[in-house]
Amino acid sequence: MAIPELPKVLIEEILCYVPATYLKRLRSTCKEWNRLFKDDRRFERKHFDKAAKQCLPLISTKYHKVPCLMSLNLHGIMPSLEVESKIRRVDSDSKYPISTKMENSRVFHCGGLLLCSSQDDESAILVWNPLTGENRWIKTGNRRDKGRTFVLGYYYQEDKKPCYKILSFYSDSNDFEIFEFNSDSWRFIDDICPGWSLINPCQCVSLKGNTYMFALNETKTCVSLLKYDYSTEKSILVPLPYKSRCFEATSLSVVREEKLSVLLQRDKSSKTEIWVTNETTTKAMVVSWSKVLALDLSPLLEIWYDGSFFLEEEKKVIMISNRWIEEENISEDNLYIVGEDANKATQVYTIDGCGSAVYNYVPSLVQIERARGKRKRVD
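Residues numbered from 1 in each chain as written. Predicted model: local features only at pLDDT ≥ 70, side-chain atom pairs only at ≥ 80, totals over all residues. Heavy atoms only, no water.

Next up on the list: the pairing of strand E9 (residues 162-169). Successive residues of a regular strand alternate their side chains across the two faces of the sheet. Of all 8 residues in E9, 8 are buried; the element is thus mostly enclosed. Sheet analysis places strand E8 (residues 149-156) next to E9, joined by 8 bridges and oriented antiparallel. Its bridge partner being in E9, Gly153 is matched across the sheet by Lys165. The antiparallel hairpin formed by E8 and E9 contains 5 residues in its connecting segment, where Lys160 sits at a positive phi of about 65 degrees. The sheet contact formed by E9 and strand E10 (residues 176-180) spans 5 bridges and is antiparallel. In the sheet register, Phe169 faces E10, and the bridge partner there is Phe176. (Buried < 20%, exposed > 50% of the residue type's maximum accessible area, 1.4 Å probe, protein only. Helix = DSSP H or I, 4+ residues; strand = E, 2+ residues; numbered from the N terminus. Pairing = 2+ DSSP bridges.)

Rendered as C-alpha cells:
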C-alpha cells in the first residue's frame, strides 16, 4: 500500500515520530504536509511529545551574527569540530537588522526556540525558531543601565496549549519583569527568590519549560539551584549534589531535554566534576544526582565563571567553552573536548575576542505564540 492510500490519521501518527529536521525536508512533498508542519498546532504538540529529540551542539560568538551548529567528530585518534552554517538566518528583517541588533548577542534555548538579546542594545529582543525560520521581535524599553538578563519559559494550560513568557531581571537587584506573549505586554512581579541572590546570570538553562539558575543565600553560606515555574510565577530551591558556600567553577547544562547537568569545582586543587540528575519529585523538588565524570583539568585549562559546556553522556565526553586571558588583557575563547582521560583534553576551536558559548539545541516545529490578532512572520 502506497503512503497516499494510508488513512490520514495513521499518516499523522507515523509522522509524529519523525525527527523535526527530517520533517522540514518533507514540507515540499505536498501542500497538505506543508500546512500540517507549519500551521497545525495540534500536530506540533503531538510531535513535540512523541518524536525522538535530536540534541545538537550550538555555538554563539561575538563574530557570528547568529548562532551556528557544530559537527562534532569523536572518531579517530584526535577529535575534531567543524562550525557549520546550516542554521537558518533571520537577517532579511529590515525593521530590525540582525547585523546591528544581534551584535555581541546572548542566546537562551528553550524547547526549540532561541531567545537572542544584544549586550549593546537591549531595546528589543528576538524569539526565533531556527528550524522553521519563524521569529518575533519584542520591544523591551530601556528602563535603566544595561545588564538585564532575559530568559524564556512556558507551561501547559488546561487545554494542553503552551503559554510562553519571558522573565527579565538584573542580578544586582530585586527588579523582575514578566512578558506575556498572548497579551504582548510587560508587567512587574515580586522578588522571585526572597532571601537569595541570583548569581552568574549567564548560566541559566531551560528544562521542560522551567528556568534553572544559580543562587546564593543572604548569609553567603550556601549556593543552590533555583527553579522558576512560569505557571505559578514562583521559584523552588533545587539542592546541588553537595553543599558549599562557594565554588571555584560552576556551569549548568541540559542533557537531551530530559535532565540537568552541572559542572562543579570546589577549589583550584579539586577535580572538576560533572553531575546529572536522576529523578525529581516535582512538589518538594527532591533531586538525586549521579556523578558521571571527575576530571583533573589543571594545568590544561582553568574554567571561568562564565564557561559553558555540552555533555555527551553516553560517551562520557564534554565540550567546554572557556575564556583565556593574557597579562595584556588580550582574550580568546577556546573550545575543548575532554573525556574520562583528562590528559586528552583537546583544543578544537579558537576565537579571538570574547563572548562564545555552547548550547544544547533541540530542533522543533514549535510555533511562536502571538498576541491576539497578530500574524506570524517567517523569513
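There is more to say after this.
With that settled, the discussion passes to the side chain of Gln265. With respect to the secondary-structure elements, Gln265 resides in strand E18 (residues 259-265). A distance of 3.2 Å separates a polar side-chain atom of Gln265 from the backbone oxygen of Ser270. For Gln265, the contacting residues outside a window of four places in its chain are Phe247, Glu248, Ala249, Ser270, Lys271 and Thr272. (Polar contact = N/O pair within 3.5 Å; in protein donor to acceptor, adjacent residues only side chain to side chain. Contact = heavy atoms within 4.5 Å.)

This next bit is on the packing of helix H1 (residues 8-15) against helix H3 (residues 31-39). In the contact formed by H1 and H3, the axes pass within 13 Å of each other and the chain directions differ by 50 degrees. Classified by the interaxial angle, the pair formed by H1 and H3 is oblique. With respect to the hand of their crossing, H1 and H3 are arranged in right-handed fashion. Contacts from Lys8, Ile11, Glu12 and Leu15 of H1 reach H3 at Glu32, Trp33, Arg35, Leu36 and Phe37. (Axes fitted to C-alpha atoms, helices over the stretch in contact; angles between N-to-C directions. Parallel < 35°, antiparallel > 145°, perpendicular 65-115°, else oblique. Left-handed = near helix turned anticlockwise from the far one by under 90°.)

Attention now moves to the environment of Tyr242. Mapped onto the secondary structure, Tyr242 falls in the loop between strand E16 (234-238) and strand E17 (249-255). Here Tyr242 falls in the buried class, since its relative accessible area comes to 18%. Distance in space between the C-alpha atoms of Tyr242 and Cys222 is 9.9 Å, their sequence separation being 20 residues. The residues touching Tyr242, leaving out its near neighbours within four places in the chain, are Phe247, Leu264, Arg266, Glu273 and Trp275.

On to H1. Residues of H1 that are buried include every one of Ile11, Glu12 and Leu15, and no others. In an axial view of H1, the angular spread of the buried residues amounts to 95 degrees, which keeps them on one side of the axis. Elements that come into contact with the buried residues of H1 comprise helix H2 (20-26), H3 and helix H4 (41-50). (Arc of directions from axis to C-beta.)

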